[in-house]
Amino acid sequence: MKAATPNRGASAAATVREWNSSYRPVDKVKNVLWIIVRSFLLFGICFIIIYPILTKLSIAFKDRADIFDSTIVWIPRHFTMDNIYKAIELLDYFEAVTNTFILSAGTAVLQVISCALAGYGFARLKFKGSSIVFALVVFTIVIPPQTIMAPTYLHFRFFDVFGLYGLFTGKPGVNLLESYWPFFISSATAMGMKNGLYIYIFRQFFRGLPKELEEAAYVDGAGIMKSFFKVMLPNAIPAMATVALFSFVWQWNDDYFTNLYMANSVVLSKMLYILPSNLLAIRDEYSYVSLLINTATLLAIAPIFLLYLFAQRYFVESVERTGLVG
Amino acid sequence: MAKKRLLSLERKKSIFGVLFISPWIIGFLLLMAVPLYQSIRFSFSELTINATGYSLEYVGWANFNKAFFVDTWFNRSLTEAVTKMLLNVPLIIFFSLFTATLLSQKFRGRMLTRSIIFLPVVMASGVIAGLDGSNYLASMMGEAANDMEGNYTGLSGFDLIPFLLDAGMSRSVVFYFAGAVDRIYQIVTSSGVQILIFLAGIQSISPSLYEASKMEGATGYESFWKITFPMMTPLILTNTVYSIVDSFYKNNVTNYIKDIAFRQLNFGLSSAMSWAYFVLISIILLISTTIISKRVFYYD
């Protein structure tokens, strides 16, 4: 054993080096630190998003006595359902939800159809000048709706396609306001809210699908229509889901167009919009008004929150594969 | 019997192309081109609605004159909207790129985190965002919570702004970031779509690029700036355009324009304002896209 002593220092160093290279403590510490920092950041971001929903939930069950009690932060002492009943009554909730649902679902279906057709046309069925037409699609994204708001409003007030109706009946056109028609017409012609974006999504998605799919269908004797409906559309379900969810939800939340075209109808976003002034007219007590507004907002987002709970996994995954990328 | 004409596939494709796009074309003509033309006409006229429709009377530049020099609110809300946009858009881009990078990594609970972060895409828009902006009770709750913290932990005594100013940072920078902290909710909630776009982009980068750089000894930081960032520049352009358009979609100016039209029933003035607004947005978009597209890197 004596012969080994002079080497002991060197062998110890070798052991340390070996230990270092097999366990990599520096890398491990770095890794753990990064995980801690990342979790911290992500938790923070999630908290910022969740916080308002939690406050609403907490407020919704609070009695009025609890509002000014500073010892109560989250869990109400006087648990009550009164706010919810009151908000349901004020919002005309069930009718409003039904109407909003018809409106949103209708526009979503129509927009998916018209935008999928247009997106496929731009991606695969090139014709002369189709790039110029596509530039116009992008142009419709950029143009603010306010610029064409007044003419569009008058357009639907005295609706008449190229003067044909007036020609046959002599009347100045049909009044389509206060109905779903303005929304359905603009969705069916891919001119509804943010439809340029949806066409863009579909175009990118169809461009990303392999050309061989279609070619195989053509070789097998399918026409363009058949290959579109039988081959391309079934493959485009992720894109369709994304667009459908976007358009459903954005229509649900939209108050700009609903207030413009359906100013007197019972739709959720419109009922919410007028709620503050209605409430202040009934009772001039600011905290109570705020209490009910919070509850009403919670009720209004509850359906889409539920929808998102079921759809989110699919939605998030499909969006990533949709190829929003250029 | 008529002989069936045989069309080449190319020819057929172009015919079907027009057919597929025709709903959009009809919509564009009916609901975009015609209204655009009309709104230009409105902006130079005085419009009166009557039972059989409406009539126009040409007034020249009077509406524009009124919008810019007589109206007390228009200029002010316009500048406010533009400053807000200029402050927020860089932060939104930075935040969403950062968050997308975080989300693209593999960790436990990734699905849950993602679905929470995309929640604002479906929720914080339209009327709900508007109501939340003036939420009296929620802000009161926040204050109550702050009071409690102040009393029991002593952690909140640390004030960042004077600290940074003492450290010798420029005033404008400090206030910019302090303001960003105050607007964090607004920034987080308006970044949803942008995060989605960046995330999809990051996931389309070939992993072999990262492997190669790792072999050469690049750190995570380096590979972010040398690989991820350049590959993301086209999407930064897309996202900037989207964020600018989004920020101009609904704000005080648009509400005001709508009020002028439907409360005061002054369609001419409202059209003039909206055209001025549109031209301004176009100029801003043009400037920002030219600046950014000079630095954009295309892989292929």
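These figures come from a predicted structure and were not determined experimentally.

Undergrad: Looking at this structure, I do not really get the overall build of chain A. What am I missing?
TA: Scanning chain A from terminus to terminus reveals 16 helices and zero strands. By the burial criterion, 51% of the 326 residues in chain A qualify as buried. When the accessible surface of chain A is totalled, it reaches about 16,000 Å², and 67% of it is carbon and sulfur.

Undergrad: When you look at the layout of surface pockets in this model, what are you seeing that I'm missing?
TA: Here the idea is plain: a probe the size of a water molecule rolls over the atoms and shows the empty space left. Its volume calculated, the second largest pocket comes out at about 1,600 Å³. Lining the second largest pocket are 34 residues, with Trp-34 of chain A together with Gln-105, Gly-220, Tyr-221 and Ser-223 of chain B positioned closest to its centre. Elements with a minimum of two residues in the lining of the second largest pocket: helix 2 (25–60) of chain A together with helix 3 (74–104), helix 11 (192–203), helix 12 (207–215) and helix 13 (220–247) of chain B. With eight residues, helix 13 of chain B is the single largest residue contributor to the lining of the second largest pocket. The class makeup of the residues in the lining of the second largest pocket is 17 nonpolar, ten polar and seven charged.

Undergrad: Which parts of the structure should I look at to understand the UniProt feature "transmembrane region" (unreviewed entry) in chain B?
TA: Residue and element names in this part refer to chain B. With numbering matched to this structure, UniProt assigns "transmembrane region" (unreviewed entry) to residues 15–37, 85–104, 116–138, 184–202, 223–245 and 265–287. Split by type, residues 184–202 is 89% helix and 0% strand. Its first and last C-alpha atoms lie 24 Å apart. For residues 265–287, the end-to-end C-alpha separation is 34 Å, with 91% helix and 0% strand making up the annotated structure.

Undergrad: For this particular structure, what's the right way to read the interface of chain A and chain B?
TA: By a widespread convention, an interface's size corresponds to the accessible area lost as its parts come together. Listed by partner, the interface residues are 106 residues for chain A and 94 residues for chain B. Note on chain A versus chain B: buried area summed over both sides is about 9,000 Å², and carbon and sulfur give 80% of it. Summed over the shared surface of chain A and chain B, the result is one salt bridge. The dominant element in the side of chain A that touches chain B, judged by the number of residues it contributes, is helix 16 (residues 286–322) of chain A, at 18 residues. Taken together, the residues of the side of chain A that touches chain B break down into 75 nonpolar, 20 polar and eleven charged.

Undergrad: Please explain the side chain of Thr-147 of chain A as it appears in this structure.
TA: Looking at where Thr-147 of chain A falls in the secondary structure, it is placed in the loop between helix 6 (130–142) and helix 7 (149–157). In contact with Thr-147 of chain A, other than residues within four places in its own chain, are Leu-36, Ser-39, Ser-274, Trp-275 and Phe-278 of chain B.

Undergrad: Hey, could you run me through the environment of Thr-107 of chain A in this one?
TA: Residues and elements named next belong to chain A. As for its placement among the helices and strands, Thr-107 is situated in helix 5 (residues 93–124). With 48 residues separating them in the primary sequence, Thr-107 and His-155 have C-alpha atoms 19 Å apart. Among all residues touching Thr-107, those that are not within four sequence positions of it are Phe-183, Phe-184, Ser-187 and Gln-251.

Undergrad: What should I look at first to understand the confidence of the model for chain A in this one?
TA: For any part of a model where pLDDT is low, the fine detail of the predicted coordinates should not be relied upon. Put simply, chain A has an average pLDDT of 81, and 88% of its residues get 70 or more. Predicted confidence in chain A is weakest over helix 8 (residues 164–169) of chain A, with a mean pLDDT of 66, and strongest over helix 5 of chain A, with 92.

Undergrad: Please explain the UniProt feature "transmembrane region" (unreviewed entry) in chain A as it appears in this structure.
TA: Residues and elements named next belong to chain A. Within the UniProt annotation, "transmembrane region" (unreviewed entry) is assigned to residues 32–54, 101–120, 132–154, 180–201, 231–250, 256–276 and 288–311. In residues 231–250, helix accounts for 95% and strand for 0%; the two terminal C-alpha atoms are 29 Å from one another. Helix makes up 100% of residues 288–311 and strand 0%, with an end-to-end C-alpha separation of 35 Å.

Undergrad: What should I look at first to understand the packing of helix 2 of chain A against helix 3 of chain B in this one?
TA: To describe two helices that pack against each other, one gives the angle between their axes and the distance between the axes. Viewed as axis vectors pointing N to C, helix 2 of chain A and helix 3 of chain B meet at an angle of 125 degrees, and their least axial separation amounts to 11 Å. Between helix 2 of chain A and helix 3 of chain B, the interaxial angle falls into the category oblique. Crossing handedness for the pair helix 2 of chain A and helix 3 of chain B: left-handed. Residues Trp-34, Arg-38, Leu-41, Leu-42 and Ile-45 of chain A of helix 2 of chain A touch helix 3 of chain B, and the partners they reach there are Phe-95, Phe-98, Thr-99, Leu-102 and Leu-103 of chain B. Tallied by class, the residues present in the contact of helix 2 of chain A with helix 3 of chain B amount to eight nonpolar, one polar and one charged.

Undergrad: How should I be thinking about the nonpolar core in this particular structure?
TA: The tendency in soluble globular proteins is for nonpolar side chains to be buried as a group. Of all hydrophobic cores here, the largest spans 168 residues; its most connected members are Phe-206 and Trp-250 of chain A together with Trp-24, Ile-117 and Phe-248 of chain B. Looking at which element gives the most residues to this core, the answer is helix 3 of chain B, with 14 residues. Here this core spans two domains, since at least three of its residues come from each of domain 1 (13–67) and domain 2 (84–322) of chain A.

Undergrad: Mind showing me how you'd approach the domain arrangement of chain A here?
TA: Residues and elements named next belong to chain A. Parsing chain A into structural domains produces domain 1 (13–67) and domain 2 (84–322). Centre-to-centre separation of domain 1 and domain 2, based on C-alpha positions: 37 Å. Contact residues are listed per partner, giving nine residues for domain 1 and ten residues for domain 2. Around 940 Å² of area is buried between domain 1 and domain 2 when both sides are counted, 77% of it from carbon and sulfur atoms. When the buried surface of domain 1 facing domain 2 is broken down by residue, Lys-56, Ile-59 and Arg-64 rank first, second and third, together holding 53% of it. Our count for the domain 1 to domain 2 interface comes out at zero salt bridges. Our count for the contact surface shared by domain 1 and domain 2 stands at zero residue pairs in polar contact (both at pLDDT 80 or more). Those elements giving two or more residues to the side of domain 1 that touches domain 2 turn out to be helix 2 and helix 3 (64–67). Sorting elements by how many residues they give to the side of domain 1 that touches domain 2 places helix 2 first, with five residues. Among the residues forming the side of domain 1 that touches domain 2, the class breakdown is six nonpolar, no polar and three charged.

Undergrad: Explanation requested: helix 2 (residues 62–70) of chain B in the structure shown.
TA: Because each turn of an α-helix spans 3.6 residues, side chains separated by three or four positions end up pointing in the same direction. Residues and elements named next belong to chain B. Taken residue by residue, helix 2 has Asn-63, Phe-64 and Ala-67 as its buried positions. Down the axis of helix 2, the smallest arc covering the buried residues is 100 degrees, so these residues share one side. Turned more than 90 degrees away from the buried face of helix 2, the exposed residues are Phe-69 and Val-70. Packing partners of the buried residues in helix 2 comprise helix 1 (9–43), strand 1 (45–50), helix 3 and helix 15 (267–293).

Undergrad: Sorry, what's going on with empty space enclosed by the protein here?
TA: As enumerated under the stated definition, the model contains three cavities of 30 Å³ or more in all. What the largest cavity holds in volume is close to 620 Å³. Secondary structure elements with two or more residues in the lining of the largest cavity: helix 5, helix 6, helix 7, helix 9 (181–188), helix 10 (195–208) and helix 14 (256–261) of chain A together with helix 1 and helix 13 of chain B. Grouping the amino acids of the lining of the largest cavity by side-chain chemistry returns 23 nonpolar, ten polar and three charged.

Undergrad: What's the story with the side chain of Ser-223 of chain B in this structure? I'm lost.
TA: Locating Ser-223 of chain B in the fold gives a position in helix 13. Those residues in contact with Ser-223 of chain B that lie beyond four places of it in its chain are Tyr-210, Ser-213 and Thr-228 of chain B.

Undergrad: So what exactly am I meant to see when it comes to the packing of aromatic side chains here?
TA: Any aromatic ring pair is given by two values, namely how distant the centres are and how the planes are angled relative to each other. Inspection of every chain in the model, using the stated rule, returns 38 aromatic pairs over all chains. Measuring from ring centre to ring centre gives 6.1 Å for Phe-202 of chain A and Phe-206 of chain A, while their planes differ by 20 degrees; the resulting arrangement is stacked. Pair noted here: Phe-202 of chain A and Phe-206 of chain A are both in helix 10, with a separation of four residues, about one helical turn. By relative accessible area, which is 0% here, Phe-202 of chain A ends up buried. The exposure class assigned to Phe-206 of chain A is buried, which follows from its relative accessible area of 0%. Taken together, the ring pairs connect Tyr-120, Phe-202, Phe-205, Phe-206, Phe-228 and Phe-229 of chain A together with Phe-20 of chain B into an aromatic cluster.

What counts and how
Residues numbered from 1 in each chain as written. Chains lettered and ligands numbered in written order. Predicted model: local features only at pLDDT ≥ 70, side-chain atom pairs only at ≥ 80, totals over all residues. Heavy atoms only, no water. Helix = DSSP H or I, 4+ residues; strand = E, 2+ residues; numbered from the N terminus. Buried < 20%, exposed > 50% of the residue type's maximum accessible area, 1.4 Å probe, protein only. Areas by Shrake-Rupley, 256 points an atom, 1.4 Å probe, with all protein chains shown as cover. 1 Å grid on protein atoms, 1.4 Å probe; cavity = no way out; pocket = protein on both sides within 12 Å on 5 of 7 lines; lining within 4 Å. Points joined across faces, edges and corners; volume = space filled by probe spheres on them. Nonpolar A, V, L, I, M, F, W, Y, C, P; charged D, E, K, R; others polar. UniProt positions renumbered as here; feature names shortened; annotations may be inferred. Contact = heavy atoms within 4.5 Å. Buried area = accessible area lost by both parts, 1.4 Å probe. Salt bridge = Lys/Arg side-chain N within 4 Å of Asp/Glu carboxyl O. pLDDT = per-residue confidence, 0-100. Axes fitted to C-alpha atoms, helices over the stretch in contact; angles between N-to-C directions. Parallel < 35°, antiparallel > 145°, perpendicular 65-115°, else oblique. Left-handed = near helix turned anticlockwise from the far one by under 90°. Core = buried A, V, L, I, M, F, W, Y, C linked by side-chain atoms within 4.5 Å. Domains from an automatic or database assignment. Polar contact = N/O pair within 3.5 Å; in protein donor to acceptor, adjacent residues only side chain to side chain. Arc of directions from axis to C-beta. Phe/Tyr/Trp six-rings, centres within 6.5 Å; stacked < 30°, edge-to-face > 60°.

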